[in-house]
Amino acid sequence: MEIEPLLINFVKIFIVTQVLMVGVAFMTWVERRVSAIIQFRLGPNRVGPMGLLQPIADGIKFILKEETLPAGSHKTLFMLAPVIAFVTALCAFAVVPFGPVVEIFGRTVNLVILDLDGGMLFALAFASLGVYGIVCAGWASRSKYALMGGLRASAQMVSYELALGLAAVGVFLVNGTLRPTEIVAAQAGWFWNWNAFSGFQLLGFILFLVAGYAETNRLPFDLPEAETELVAGYHTEYSSMKFSMFMMAEYFAMMTMSSLAVTLYLGGFQPGFPTGDLSGWALWGLQIGAFVAKVGFFMFLFVWVRWTLPRFRYDQLMDLGWKRLFPLALANLVVTALLVAFDVIKG
Amino acid sequence: MIGLETVGFVFLATLALASATVVVFHKSPIISALALAFNLVAIAGFYLLLNAQFLALLQVIVYAGAIMVLILFVIMLLSIQSEGGLHRSGRIHSVLAPLIALGCAVALGVAVFRGSADGRFAVSSADFGTVRSIGTDLFTTFFYAFEAISLLLIVAMIGAVLLAKRRL
């Protein structure tokens, strides 16, 4: 067995994980600063320049906090739940191409960890496995609030997965592939070549985004942890690093969802204009920068929406999922299929 | 020298058998359901070993990601009132169920051993597990069977809605 590809993969996994970790830490700071600005406050601004070192202070505090294990809880599952949430959220990112094929030290490196034929399905599969972390947490805690949170999470995520998957199928039809690198390659050139525009997938994009918010349990769909009704929902009984892992898992899931939306609909790492005679690291840097900027915008949108919109009621949530998003996604699929069949879109 | 594939197979087989045992023998229905989900993911691992990526991913999305979550949902709803009260089964069940399972296992085993003995299981091409090849197979070779199954699913769905409506 050749050792070099394996080594390259390990390095890629290591770097991506580290970047994501730093991104998550940064996002917890952004979340609080932006929410503060939206509410005419200042937010954390004392630790380090502009409060940028606040996440590190938080990390230290989380580690030093007491670990509690509620009486009557199922201990193994209680311990395992944050791990499941964390790992599944992290794994889904593996198929996202965050840059083109580059050459480093004379070696050709494809800037995606797992270039899989059914790559988009891989991401959806891990997004759907993420619910087990929440359900296990809810059940293992042996607390009414946590159990209700787990119940809500399972129903909500199964419902919105449908709309999410169906919306994405439109893109698969347009590009004729499920491999993320090929989907991105098909959207090169000007920004009107992106699937959201030239593929007529603007509706699909909006559906995907809305369902993605529900899938990551972010406001306005954060019913599994609705404070006003359920204390903190599925992680009511969690403290210390275990709680922190749930928090990080949520941010990982947000990043994955943003990256998937960007990859599917907005050209992935394509900057949106012909790059002309740029080559080498100037081009690759521009493309990686474009990817980071796009994902960054969607991360900001997550925060923006959270502090702007109020939470849905539970029946409204189910209504929206089954009676609005699901039929719309089906209609989008049928229309896209017809457009592809009659060669309006090049499939 | 044992190949990586053999190591993977033994590892997955152990996981699958262990989780299946937990499904059958554990008292708490929730743990059983979780073990079943784990078992389904392990089986997806077998598909991956056989190069059938698409099948493996669908197995995880459909069975582990959707169906098992629904089953968990129902069990959690029911066992708010009565924990562990779901495991009562009649005498006929406890005799018939193992017998039928054993019968299926024997039938499958015989088919596999015979098939591999007379070389009926030809080695497939490397890309037989991709989305494209499975899609092509489904919509050409197995078209009628595929459509018949979708009809069956619709019948089941209408039946479920009717049964639920009666109680609403």
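Rules of the game
- Residues numbered from 1 in each chain as written.
- Chains lettered and ligands numbered in written order.
- Predicted model: local features only at pLDDT ≥ 70, side-chain atom pairs only at ≥ 80, totals over all residues.
- Helix = DSSP H or I, 4+ residues; strand = E, 2+ residues; numbered from the N terminus.
- Buried ≥ 20, exposed ≤ 12 C-beta atoms within 10 Å, placed from the backbone.
- Contact = placed C-beta atoms within 7 Å.
- Core = buried A, V, L, I, M, F, W, Y, C linked by C-beta atoms within 7 Å.
- Domains from an automatic or database assignment.
- Axes fitted to C-alpha atoms, helices over the stretch in contact; angles between N-to-C directions.
- Parallel < 35°, antiparallel > 145°, perpendicular 65-115°, else oblique.
- Left-handed = near helix turned anticlockwise from the far one by under 90°.
- Nonpolar A, V, L, I, M, F, W, Y, C, P; charged D, E, K, R; others polar.

To continue, consider the overall build of chain B. Per the secondary structure count, chain B includes six helices and zero strands. Mapped from its N terminus to its C terminus, chain B presents α and β elements in the order α-α-α-α-α-α. Counting across all 168 residues of chain B, residues that qualify as buried make up 19%. Long-range contacts, defined here as pairs at least 24 residues apart, represent 54% of the contacts in chain B between residues at least 6 apart.

In this section: the nonpolar core. Counting residues in each nonpolar core, the largest one holds 119 residues, and the members touching the most others are A:Phe208, A:Ala211 and B:Ala37. When residues of this core are assigned to their parent elements, the largest contribution, 16 residues, is made by helix α6 (residues 144–175) of chain A. Among all residues touching A:Phe208, those that are not within four sequence positions of it are A:Leu164, A:Ala167, A:Ala168, A:Ala261, A:Leu264 and A:Tyr265.

Let's shift gears to the interface of chain B and chain A. Counting residues at the interface gives 20 residues for chain B, matched by 22 residues for chain A. When contributions to the side of chain B that touches chain A are tallied by element, the ones reaching two or more residues are α2 (29–49) and α3 (53–78) of chain B. Considering every element that reaches the side of chain B that touches chain A, the biggest residue donor is α3(B), with 14 residues.

Examined at the domain level, chain B breaks down into domain 1 (1–83) and domain 2 (130–168). For domain 1 of chain B versus domain 2 of chain B, the distance between C-alpha centres works out to 23 Å.

Residues and elements named next belong to chain A. Within the element layout of this structure, Met-257 appears in helix α10 (residues 240–265). For Met-257 and Glu-229, which are 28 residues apart along the polypeptide, the C-alpha to C-alpha distance reads 27 Å. Discounting chain neighbours no more than four positions away, the residues touching Met-257 are Gly-212, Glu-215 and Thr-216.

So, on to the packing of helix α3 (residues 75–91) of chain A against helix α5 (residues 131–140) of chain A. Residue and element names in this part refer to chain A. Following both chains from N to C, one finds α3 and α5 inclined at 165°, their axes separated by 7 Å at the closest point. Between α3 and α5, the crossing angle belongs to the class labelled roughly antiparallel. For the element pair α3 and α5, the recorded crossing hand is left-handed. On α5, the residues touching Leu-77, Phe-78, Leu-80, Ala-81, Pro-82, Ile-84, Ala-85 and Thr-88 of α3 are Tyr-132, Gly-133, Ile-134, Cys-136, Ala-137 and Ala-140. Its residues assigned to classes, the contact of α3 with α5 comprises twelve nonpolar, two polar and no charged.

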